[in-house]
Amino acid sequence: MGTEEKQGIVFVVLAYVLWGFMPIYWKLLEHVSSDEILSGRVIWSFIFTLMLVIVGRNFKQLKIDLKDLWANQKSFWGLFVASYLVTGNWFTYIYAVNAGFIVQTSLGYYINPLLSILLGIIFLKERLSRAQQFSVLLAAIGVIILTVSYGEVPWIAFTLAITFALYGLIKKSIKIDPLRGLTIETFFVLPFALIYFVYLVVSDKAVFFTSNASTVILLIFTGVATAVPLILFAKGTKTMPLYMSGFFQYIAPTIMLLVGILLYDEAFSKIEFLSFSCIWLALILFTISKIMQVRKTDSSVV
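Draft legend 1. Just the packing of helix 2 (residues 34–55) against helix 8 (residues 178–202), in detail. Across the interface, helix 2 lies against helix 8 with an axial gap of 7 Å and an inter-helix angle of 140 degrees. The orientation of helix 2 with respect to helix 8, classified from their angle, is oblique. Here helix 2 and helix 8 pass one another in a crossing that is left-handed. For the contact of helix 2 with helix 8, the residue count by class is 16 nonpolar, five polar and three charged.

Pasting the structure below:
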């Protein structure tokens, strides 16, 4: 394993660890409404990513990216839709954490990779081995058990999984630098975020100008909290095998689950344990089969 690959692994693991502990950050802002946090997150994410682009002397390239996107209308509107999908994902996640549904957010991010697989089969005509087909079926059983035990559809988990899986599907077809891509994505949502934030200020509903210094600082740093893990992830995945990155993605929801249960005393019944066990087993089975598949391909190439 080369130095670049080892560095890539460190970056990706760090990104997932940061995402896993992110509920703690949003809990510090639970006295702020989810809509104000979201509008601020968009605004400060755009400012922070734009600053990184300017400092990295990539502003000219950013303008070229925008021109290229506009020339390819499918990519332009694809990224536009993706920006609103991820914004919806952000809002659902912030709301869920502050409403006491951290365990359900972890379920959403466990389901996400399996849903991405189904989207790959439907839209990209990808094929699964028998072991992978069985893992998807096993995960579906886990979700059904949980749905029946809840007495209602776990809409938070499904919303998080569906929006992020669709976001990933669209992004897969658009080739753009991750940092500049994130800058453009936040730029697409920025007008609505600014309009809504002005509305909150005019109607005296904004906490930003009336709260203490620690709250203001936390709100400003939502941009950093959003961008840093994404940048680490983007840098790391460039120098490491894709299947390995896929294996590490379960770090984040596992940490979220433990944070919800151990730090915030969220309920985790035997039925939920049974459901999660089906999903864990499905993910392990899928990951092992994927690793074996990749190694078999590599050995045949050599």
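Draft legend 2. Focus on the side chain of Glu185. Within the secondary structure, Glu185 is located in helix 8. You can call Glu185 buried: its relative accessible area is 2%. Sequence-distant contacts of Glu185, that is, excluding residues within four places in its chain, are made with Leu79, Ser83, Val86, Tyr167 and Lys171.

Draft legend 3. Structural context of the packing of aromatic side chains. Scanning the model with the defined rule gives 25 aromatic pairs in all. Between the aromatic rings of Phe76 and Trp77, the centroid separation amounts to 5.1 Å while the plane-to-plane angle is 85 degrees, which identifies the pairing as edge-to-face. Aromatic ring contacts, followed pair by pair, group Trp70, Phe76, Trp77, Phe80, Tyr84, Phe188 and Phe192 into a single cluster. Lying over the aromatic face of Tyr264, Lys27 brings its terminal NZ or CZ to 5.1 Å of the ring centre. For the cation-ring pair, Arg41 lies above Trp90, with the distance from its terminal atom to the ring centre recorded as 4.3 Å.

Draft legend 4. Structural view of helix 3 (residues 59–71). A rise of 1.5 Å per residue sets the reference length of helix 3, with its 13 residues, at 18 Å; its end C-alpha atoms lie 19 Å apart and thus fit the reference within 8%. Regarding helix 3, the residues found buried are Leu62, Asp65 and Leu69. One side of helix 3 carries all its buried residues, which in axial view fall inside an arc of 55 degrees. Opposite its buried face, helix 3 presents the exposed residues Lys60, Lys67 and Ala71, each directed more than 90 degrees away.

Definitions and limits used
Residues numbered from 1 in each chain as written. Predicted model: local features only at pLDDT ≥ 70, side-chain atom pairs only at ≥ 80, totals over all residues. Heavy atoms only, no water. Axes fitted to C-alpha atoms, helices over the stretch in contact; angles between N-to-C directions. Helix = DSSP H or I, 4+ residues; strand = E, 2+ residues; numbered from the N terminus. Parallel < 35°, antiparallel > 145°, perpendicular 65-115°, else oblique. Left-handed = near helix turned anticlockwise from the far one by under 90°. Nonpolar A, V, L, I, M, F, W, Y, C, P; charged D, E, K, R; others polar. Buried < 20%, exposed > 50% of the residue type's maximum accessible area, 1.4 Å probe, protein only. Contact = heavy atoms within 4.5 Å. Phe/Tyr/Trp six-rings, centres within 6.5 Å; stacked < 30°, edge-to-face > 60°. Lys NZ or Arg CZ within 6 Å of the ring centre and 35° of its normal. Expected span 1.5 Å × (residues − 1). Arc of directions from axis to C-beta.

Just distances and angles here, no functional claims.
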